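Here's the letter readout for the chains.
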Amino acid sequence: MGVLPSAATVAQDEGSCDRGWYQVDRREDIAPEGVIAFEPDEPWIAGGAMLGGGRRAAAVLHGLGEDAVLEQPPLPGTRDSGLMAIASAGPDEPIWAVGFGRETDFVAAYVARRDENGWGRSETIRPDGFNAALTDVDASPGHGVWAVGFLQGAPGHQRPWALELTEDGRFGSRLPIADGVDATLAGISVHDDGGIWVAGTMHEGGRMRPYLAARGDGRWSRYDTAGLEGSALADIDVPTADDGWAVGHRLEGTTIHPLLLRWDGTAWSETPGPDVGDVPALLTSVSVSDGVVTVGGTRWDTSRGRYTPLAARLADGDWTVSLGRRGWGMGTVTDVVADPGGEGWLVARADEGLIARICEA
């Protein structure tokens, strides 16, 4: 396990709960992309430590305050690398993080694994000469660990891709898609009660629409998304067999609107999302716990002329919305996670990086 020098500590301000969140001090040496947490003050935040010149090195920040440590898995042999997501099946299970290793002429998928002995395993994957990247990872005791992303052959031609990750190796599969159609996967949900679901975007004839698929009986089955042309999905969470949520955006003319889909056990349908005003906005992440739905994204702030992070929680039929708060800088939420105890975390690409914690307003 490597440990990078700490440029700043992360401290929490318990007295600043504002519309369901309080902000912790930003850490300038990591660009946060994904987050998990088993203890209230011990988040694991995956991303990249900044190297300068637009380059970064895959890294994971563990903990808060003066004891926070920025850990570095064994890095791929490329000029640039980053982690896009992090997951574990439980507090006593290994932690997995996925992302990319990049050279000037190719991109390879990157997987790192941490157990009680530290980051002991990593792998760079470029199957059959394809460019490849992993965008999300999830795990449960009953279904194991799965990661998703895409394979790219010729420029612009991409295929949806999933990997089952085990202690001894990996097992890849290309998901079903029609001839002449391209697709990428952005999110995966692995729950013992909800099964394995993936979400992303497919392109056909110059038009895009959501890609949704579930795994059962050893195979992937796609779900129809007719009527959602001009839409894309960025994340998914299906905690039970009859309740699931997926988020993204829909293009309507020159405007971008948030998109929220709900699974009822039979079909996916569009459902009203948080009120973010009549300005361009996207949803990028979703987490469901104990009936509470937490989403993150980005919204155009007309007064400041830039996109700012947004976060919202749906509980008992009502949305609590945080729209581009002043301290949140410019950028977009990259991951949210919530748990039944009312705790949870948000991370974002916003200026040097944003970390915020769910609180009871």
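Quick note: structure is the one above.
Residues numbered from 1 in each chain as written. Predicted model: local features only at pLDDT ≥ 70, side-chain atom pairs only at ≥ 80, totals over all residues. Heavy atoms only, no water.

A. Highlighting the overall build of the protein chain. Looking only at helices and strands, the protein chain features 0 helices and 29 strands. Among the 361 residues that make up the protein chain, the fraction classed as buried is 55%. A fraction of 44% describes how many contacts in the protein chain between residues 6 or more apart in sequence connect residues 24 or more apart. Carbon together with sulfur atoms contributes 45% to the accessible area of the protein chain, which is approximately 15,100 Å² in total. (Helix = DSSP H or I, 4+ residues; strand = E, 2+ residues; numbered from the N terminus. Buried < 20%, exposed > 50% of the residue type's maximum accessible area, 1.4 Å probe, protein only. Contact = heavy atoms within 4.5 Å. Areas by Shrake-Rupley, 256 points an atom, 1.4 Å probe, with all protein chains shown as cover.)

B. Structural view of the nonpolar core. Counting 17 residues, the largest nonpolar core has Val98, Val111, Leu134, Val137, Trp161 and Leu165 as its most contacted members. By residue number, the principal contributor to this core is strand β11 (residues 131–140), which donates 4 residues. Residues within four places of Val111 in sequence aside, it is in contact with Trp96, Ala97, Val98, Arg121, Ser122, Glu123, Ile125, Leu134 and Leu165. Core analysis: the next-biggest nonpolar cluster, separate from the first, contains 16 residues, Ile177, Ala183, Leu185 and Val190 among them. (Core = buried A, V, L, I, M, F, W, Y, C linked by side-chain atoms within 4.5 Å.)

C. Expanded view of unusual backbone geometry. You will see that Asp290, though not glycine, has its phi angle at about 55°, which is positive. Since its relative accessible area comes to 62%, Asp290 is described here as exposed. Of note, the phi angle at Asp316 is positive, near 55°, even though the residue is not glycine. Among the secondary structure elements, Asp316 is positioned in the loop between β25 (306–315) and β26 (318–323). Residue classification places Asp316 among the exposed positions, given a relative accessible area of 79%.

D. Spotlight on the sheet that holds strand β23 (residues 281–289). As summarised here, the arrangement of the 4 strands in space is β23-β24-β25-β26, forming an open sheet in which the pairing is antiparallel. Whereas interior strands pair on both sides, the edge strands pair on one side only; in this sheet they are β23 and β26. Neighbour-to-neighbour, the strand axes of this sheet turn through a mean angle of 20°, independent of strand direction. Relative to β25, strand β24 (residues 292–301) is paired through 9 bridges, and the arrangement is antiparallel. Across the sheet, Val295 pairs through a bridge with Ala312, a residue of β25. (Pairing = 2+ DSSP bridges. Axes fitted to C-alpha atoms, helices over the stretch in contact; angles between N-to-C directions.)

E. The arrangement of the packing of aromatic side chains in detail. Following the criterion strictly, the structure yields 7 aromatic pairs and no others. Taking 5.3 Å as the distance between ring centres and 90° as the angle between the ring planes, the aromatic pair formed by Tyr223 and Trp263 counts as edge-to-face. Within this pair, whereas Tyr223 is found in strand β18 (residues 219–223), its partner Trp263 is found in strand β21 (residues 255–263), the two being separated by 40 residues in sequence. The exposure class assigned to Trp263 is buried, which follows from its relative accessible area of 4%. The interplanar angle of 70° and the centroid separation of 5.1 Å between the aromatic rings of Trp300 and Tyr307 together place this pair among those described as edge-to-face. Ring-pair connections join several aromatic residues into one group, and the members of that group are Trp197, Tyr223, Trp263 and Trp268. (Phe/Tyr/Trp six-rings, centres within 6.5 Å; stacked < 30°, edge-to-face > 60°.)

F. Structural view of the environment of Ala356. Inspection of the secondary structure puts Ala356 in strand β29 (residues 354–358). With 333 residues separating them in the primary sequence, Ala356 and Gln23 have C-alpha atoms 4.2 Å apart. Ala356 has contacts with Trp21, Tyr22, Gln23, Val24, Trp328, Gly344, Trp345 and Leu346, leaving out every residue within four places of it along the chain.

G. Layout of the side chain of His249. Along the chain, the position of His249 falls in strand β20 (residues 243–252). Assessed through its relative accessible area of 17%, His249 is described here as buried. Setting aside residues no more than four positions away along its own chain, His249 makes contact with Met208, Gly230, Ser231, Ala232, Ile256, His257, Pro258, Leu259, Ala281 and Leu282.

H. Region of the structure containing the pairing of strand β27 (residues 331–338). Where burial is concerned, most of β27 is hidden: 7 out of the 8 residues are buried. When β27 meets strand β28 (residues 344–350), the two strands line up antiparallel, connected through 7 bridges. Residue pairing in the sheet places Asp335 in a bridge with Val347 of β28.

I. Just the side chain of Glu33, in detail. Assignment of secondary structure puts Glu33 in strand β3 (residues 31–37). Owing to a relative accessible area of 4%, Glu33 belongs among the buried residues under this scheme. Engagement of the side chain of Glu33 in a polar contact is seen with the side chain of Arg56, the distance being 3.4 Å. Aside from chain neighbours lying at most four places away, what touches Glu33 is Ala46, Gly47, Arg56, Leu83, Met84, Thr334, Asp335, Val347 and Arg349. (Polar contact = N/O pair within 3.5 Å; in protein donor to acceptor, adjacent residues only side chain to side chain.)

J. Looking closely at the sheet that holds β27. Pairing within the open sheet is antiparallel, and its 4 strands lie in the order β2-β29-β28-β27. If you trace the sheet from one side to the other, it starts and ends with β2 (21–24) and β27, each paired once. Each neighbouring strand pair of the sheet contributes to a mean axis angle of 25°, computed without reference to strand direction.

K. Here's a closer look at the pattern of salt bridges. The tally for this structure, following the rule as stated, stands at 12 salt bridges. Arg209 is paired through a salt bridge with Glu204; the nearest N and O atoms lie 3.9 Å apart. When salt bridges that share partners are traced, they join Glu33, Arg56 and Arg349 into one network. (Salt bridge = Lys/Arg side-chain N within 4 Å of Asp/Glu carboxyl O.)

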